[in-house]
Amino acid sequence: MNTEQELKQFQERIDNGEKIEPKDAMPERYRKQLIRMMSQHAHSEIVGMLPEGNWITRAPSLKRKMVLLAKVQDEAGHGLYLYSATETLGARRQDLVEDYLYGSAKYSSIFNYPTLTYADICVIGWLVDGAAIVNQTMLAKSSYGPYARANLRICKEESFHKKQGYEMLAKMASGTPEQQKMAQDAVNRWWWPTLMMFGPHDSDSPNSAELIRWGVKTKTNDELRVHFVDRMVMEAEAIGITLPDPDLRYNEETGHWDFGLIPWDEFWSVVKGDGPMNRERIRARRHAYEEGAWVREAATEYARKQRLRAEKAS
Ligand code: FAQ
């Protein structure tokens, strides 16, 4: 798809709200942008299992262990839907995975922070899943059908994740003085990194304009961030948590909460690989990938034999 006429027709389909499906003609750049973004999203879900998985054995009761186990398992499922959706664009899963393990593909900055106490698990559910829902509810309306449908399903599960995190944090925030301190400390450490999840300001976001024109994103990074802050201010207040931003103020004119400066230097340093846990996360994922090679080989061989058997029988 290269001629001006074809590009115009493609844009018309997007502007009419039509979904683009895998076998439809699409500009090469649209396909590339989707592969970049969807695979980054898939890698994030998989790396995102590490900070929480670390706490499954230490969750304080059998109920909390079961809930956390189910949540971490859901994140694996999200990664798999997203890799499958990316494969519909002609990408090979192995190439995508190897590009973040050994190449330059990114995953979300948020998963490069440590989970120091159990309160961090509550806060990941409330803030990180809360931010992911805001972002993914928008992506569930994306112009690319398989990505939109994957996000629709993911959002349903993320809503449960967020509710369990908020419920745990509310309990902790009304617990003993020590529990209250732990809850507040975790919020203090995760608040700014969570705001960074939405990506750089629109003025520093090279991909946003094109993604919005093509309906891949329907809202900008800043629009989503403002929407998220508006929601979180109310939720924090309801459970007696203070958001660690002295500049947080309600703006009568805009009808939104204004907030302080996001530490962008920290964001870019994490994105470039120098965050507190980047090396550890990549090491853990490489180890799992390399140790799991025999499982992939066995599964491929099994599939080959099944195919042969089916061919002989037909
Ligand atoms: N981290 O031009 P933009 C989750 C990069 S899933 C790292 O604004 P764009 C579930 C960006 O890639 C969380 N890199 O980019 C869960 C680009 O670099 P590139 C993941 C970032 O695409 C919960 C450059 O900066 N969700 O949490 C980040 O228009 C709990 C310039 O940026 C998704 O991936 C970042 N935060 O907007 C799991 C959703 N932000 O690629 C476990 C899908 C920006 O050109 C536990 N993705 N960069 O080299 C998106 O919505 C978008 O891609 C953005 C970035 C908003 C992430």
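Look up: the structure comes first, before these words.
Residues numbered from 1 in each chain as written. Predicted model: local features only at pLDDT ≥ 70, side-chain atom pairs only at ≥ 80, totals over all residues. Heavy atoms only, no water.

> Explanation requested: the nonpolar core in the structure shown.
Side chains that are nonpolar tend, in soluble globular proteins, to be buried together. Counting 79 residues, the largest nonpolar core has Tyr30, Tyr100, Tyr144, Leu169, Trp191 and Phe228 as its most contacted members. The dominant element in this core, judged by the number of residues it contributes, is helix α6 (residues 118–139), at 13 residues. Residues in contact with Phe228, not counting those within four places in the same chain, are Leu127, Gly130, Ala131, Val134, Trp191, Thr194, Leu195 and Phe198. (Core = buried A, V, L, I, M, F, W, Y, C linked by side-chain atoms within 4.5 Å. Buried < 20%, exposed > 50% of the residue type's maximum accessible area, 1.4 Å probe, protein only. Helix = DSSP H or I, 4+ residues; strand = E, 2+ residues; numbered from the N terminus. Contact = heavy atoms within 4.5 Å.)

> Quick question: what am I supposed to make of the layout of surface pockets here?
Taking a probe equal in size to a water molecule and rolling it over the atoms shows the remaining empty space. For the second largest pocket, the calculated volume is near 380 Å³. Arg93, Gln94, Val97, Tyr289 and Arg296 are, among the 13 residues lining the second largest pocket, the residues nearest its centre. Among the elements of the structure, α4 (62–87), α5 (93–101) and α12 (278–291) are those that each provide at least two residues to the lining of the second largest pocket. The greatest single-element share of the lining of the second largest pocket, amounting to five residues, is contributed by α5. Here the residues of the lining of the second largest pocket sort into seven nonpolar, one polar and five charged. (1 Å grid on protein atoms, 1.4 Å probe; cavity = no way out; pocket = protein on both sides within 12 Å on 5 of 7 lines; lining within 4 Å. Points joined across faces, edges and corners; volume = space filled by probe spheres on them. Nonpolar A, V, L, I, M, F, W, Y, C, P; charged D, E, K, R; others polar.)

> Which parts of the structure should I look at to understand the pattern of salt bridges?
If the charged atoms of two oppositely charged side chains come close together, the side chains can form a pair. Summed over all chains, the structure comprises 21 salt bridges. In this structure, Glu167 engages Arg64 in a salt bridge whose closest nitrogen and oxygen atoms are separated by 3.1 Å. With Glu167 in helix α7 (residues 145–173) and Arg64 in helix α4, the pair connects residues that are 103 residues apart, well separated along the chain. By relative accessible area, which is 32% here, Glu167 ends up partly exposed. (Salt bridge = Lys/Arg side-chain N within 4 Å of Asp/Glu carboxyl O.)

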